[in-house]
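Each chain is listed here by its residues.
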Amino acid sequence: MRKILLGIAGLVAMLGFAGCEKRPVNPTMVDALPEIYPDYVGVTIPAEIAPLNFNFADEIIDCMDVVVKGSNGGALHAQGGYADFNIADWHELVAQNKGGELTFTVCTEQDGQWKQYKDFKVYVSTYALDEWGLTYRRIAPGYEVFSKMGLYQRDLSTFDEYAIIENTQVPGMCVNCHTAHQTDPSKFVFHVRGDHGATMFQIDGKREWLKAKNDMLGGSMVYPYWHPSGKYCAFSTNQTRQGFHVVPNERIEVFDLSSDVFVYNPATHEIIQDSLLSTKDWSENSPVFSPDGKTLYYMTCRQQDYPMHYKDEKYNLCRIAFDPETGKFGNQVDTLFNAVAMGKSLTWPRPSYDGKFILFTLIDYGYFSIWHNESDQWLLNLQTGEAREIKEINSLKADSYHNWNINSHWIVFTSRRDDGLYSRLYLASVDDQGRFSKPFLLPQRHPQEYYGESLYSFNTPDFTMTKVDFDAYEAGREIASDKRIETKVK
């Protein structure tokens with residue numbers, strides 16, 4: 001119902017645009033901030049971000065007039081059914097006010113009467129974005145059946161989105177688990193599920209399709225993470241199952257009958273295993289390398305009797321030494337963060353590229369945080385060993401999949417805070433002490449229309465410093481051919 005009302009409001013606002021050609025005259029002053037969608041009040045943005053277009057929320061208006069003034073000079077004006085800023089003018093104003101602030105004055109007109117609301121500010125960070133855009137998977141929030149879905153990329157300075165690959169190219173195909181080498185897509189990997197399953201590596205323009213499963217692994221190569229040298233890529237191999245519930249707030253649970261962690265060498269097609277990372281009584285999962293490449297972080301939990309005891313599936317964060325020269329692991333595993341002692345489960349660890357922090361999600365049990373409303377973001381300080389809940393970015397709904405930009409001053413993550421159903425992308429800045437700014441929803445040219453009518457969720461987002469150069473047509477032909485490279489266990 002909310003989506004229908006928002007759509008009607010947006011349509012009425014657009015139809016009223018033609019008569020919206022005059023500046024506000026004798027507006028009535030309103031002692032309140034404007035209710036806008038998305039909520040950009042008080043957010044901190046990078047100078048390179050696309051315009052923060054917004055609608056007037058939950059009220060039908062005939063016209064909106066917005067004036068933006070920079071603390072270091074410059075101004076911008078938009079008038080119409082919603083705030084639609086010229087991209088070039090926006091970037092000129094924001095660049096001029098880097099390290100300063102933008103003051104927004106919002107007036108609305110209804111039935112010939114104008115109202116002026118209290119001004120609000122947006123802060124322009126001194127931290128550069130240092131990225132071209134984002135990659136992500138977009139999929140309908142279903143369980144077993146999916147329609148159109150794929151991997152996409154978005155230019156963060158504009159509203160342009162491009163498909164990397166979509167499942168319409170190969171019937172029955174599902175693509176997931178994608179990542180670039182420290183946001184550099186010259187080394188890019190993703191996994192294909194379905195009848196034509198494979199793990200795709202594209203290195204400097206050359207593609208290879210690995211056989212989806214290696215019998216010695218017992219599963220597929222999923223949850224990839226590149227070594228900083230680009231010489232290796234860490235994976236886990238999981239026998240994943242889903243369980244369904246009849247209670248409204250627990251729709252689905254994902255668990256693994258088994259999972260192990262290993263490292264893959266693309267140059268030799270060798271899988272590097274270790275007995276400490278492939279144990280019978282424990283599930284190892286979601287490996288990531290430290291920025292210096294000398295440590296492998298991963299999650300681990302004691303195997304349970306599934307599905308009966310799925311709520312006892314609780315993960316800790318562990319680490320093991322790794323020698324990039326020899327490709328060998330250390331002989332000791334250390335627990336870095338004991339979530340089980342808190343009665344919680346840790347998932348999706350992601351170290352900052354400057355080596356200061358590990359960002360992770362904490363939930364009550366399991367590791368598939370998108371289905372857990374209680375999932376919150378936490379930050380581990382690797383210098384002090386202290387961890388804290390990031391209250392400044394968390395919400396009452398599921399906050400999950402996250403990644404860092406290359407300079408470690410911006411994060412992107414998914415959240416269902418908007419409507420409780422769809423995972424959407426939010427960005428926030430991070431200072432040197434690990435303090436976060438108020439998150440803001442990924443800008444869209446027509447925000448209310450885009451988010452109000454979209455039936456897709458975003459997940460597994462990552463930054464990318466350049467556009468991913470990928471030939472989807474040829475890739476579709478290669479997927480359908482079923483020509484695969486065998487991997488071997490070292």
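Just so it is clear, the model here is predicted, and its values are computed rather than measured.

1. Some points on the sheet that holds strand 26 (residues 328-337)
Right, on to step 1. With respect to topology, 4 strands assemble into an open sheet ordered 23-24-25-26, the strand pairing being antiparallel. On the outer flanks of this sheet lie strand 23 (282-289) and strand 26, each paired with one strand and no other. Mean inter-strand twist for the sheet, computed between neighbouring axes without regard to direction, equals 30°.
Right, on to step 2. Pairing of strand 24 (residues 295-302) with strand 25 (residues 316-323) involves 6 bridges; the strand directions are antiparallel. Opposite Met299, over in strand 25, you have Leu317 as the bridge partner.

2. Section: empty space enclosed by the protein
Right, on to step 1. Summed over the entire model, instances satisfying the criterion amount to 4 cavities of 30 Å³ or more.
Right, on to step 2. Here the largest cavity defines a volume of roughly 180 Å³.
Right, on to step 3. Lining the largest cavity are 16 residues, with His178, Thr179, Pro224, Arg350 and Asn403 positioned closest to its centre.
Right, on to step 4. Of all the secondary-structure elements, those providing two or more residues to the lining of the largest cavity are strand 13 (174-181), strand 19 (222-226), strand 27 (345-351) and strand 35 (457-464).
Right, on to step 5. Put simply, the second largest cavity is a space of about 60 Å³.
Right, on to step 6. Residue lining of the second largest cavity: Tyr223, Ser286, Thr347, Trp348, Tyr367, Phe368, Ser369 and Tyr401, and that is the complete set.
Right, on to step 7. Across the lining of the second largest cavity, the residue classes tally to 5 nonpolar, 3 polar and no charged.

3. A short note on unusual backbone geometry
Right, on to step 1. Between Tyr37 and Pro38 the backbone carries a cis peptide bond, its omega angle lying at -5°.
Right, on to step 2. Assignment of secondary structure puts Pro38 in the loop between strand 2 (36-37) and strand 3 (44-45).
Right, on to step 3. For Asp111, which is not glycine, the phi torsion reads 55° and is therefore positive.
Right, on to step 4. Tracing the backbone shows Asp111 in the loop between strand 7 (101-110) and strand 8 (113-116).
Right, on to step 5. Overall, Asp111 belongs to the exposed group, its relative accessible area being 67%.
Right, on to step 6. You will see that Ser286, though not glycine, has its phi angle at about 50°, which is positive.

4. Focus on the environment of Pro24
Right, on to step 1. Mapping Pro24 onto the fold places it in the loop between helix 1 (2-15) and strand 1 (28-29).
Right, on to step 2. On the accessibility criterion, Pro24 (23% relative accessible area) is partly exposed.
Right, on to step 3. When the C-alpha positions of Pro24 and Asp65 are compared, they lie 7.4 Å apart, and in sequence the two are 41 residues distant.
Right, on to step 4. Setting aside anything within four residues of it in sequence, one finds Pro24 in contact with Asp65, Cys107 and Trp114.

5. Quick notes on the confidence of the model for the protein
Right, on to step 1. Averaged over all residues, the pLDDT of the protein is 90; the fraction at 70 or higher stands at 89%.
Right, on to step 2. Confidence drops under a pLDDT of 50 for residues 1-19, and excluding neighbours within four residues, the segment shows 23 contacts in the predicted structure.

Reading the values: rules and limits
- Residues numbered from 1 in each chain as written.
- Predicted model: local features only at pLDDT ≥ 70, side-chain atom pairs only at ≥ 80, totals over all residues.
- Heavy atoms only, no water.
- Pairing = 2+ DSSP bridges.
- Helix = DSSP H or I, 4+ residues; strand = E, 2+ residues; numbered from the N terminus.
- Axes fitted to C-alpha atoms, helices over the stretch in contact; angles between N-to-C directions.
- 1 Å grid on protein atoms, 1.4 Å probe; cavity = no way out; pocket = protein on both sides within 12 Å on 5 of 7 lines; lining within 4 Å.
- Points joined across faces, edges and corners; volume = space filled by probe spheres on them.
- Nonpolar A, V, L, I, M, F, W, Y, C, P; charged D, E, K, R; others polar.
- Buried < 20%, exposed > 50% of the residue type's maximum accessible area, 1.4 Å probe, protein only.
- Contact = heavy atoms within 4.5 Å.
- pLDDT = per-residue confidence, 0-100.

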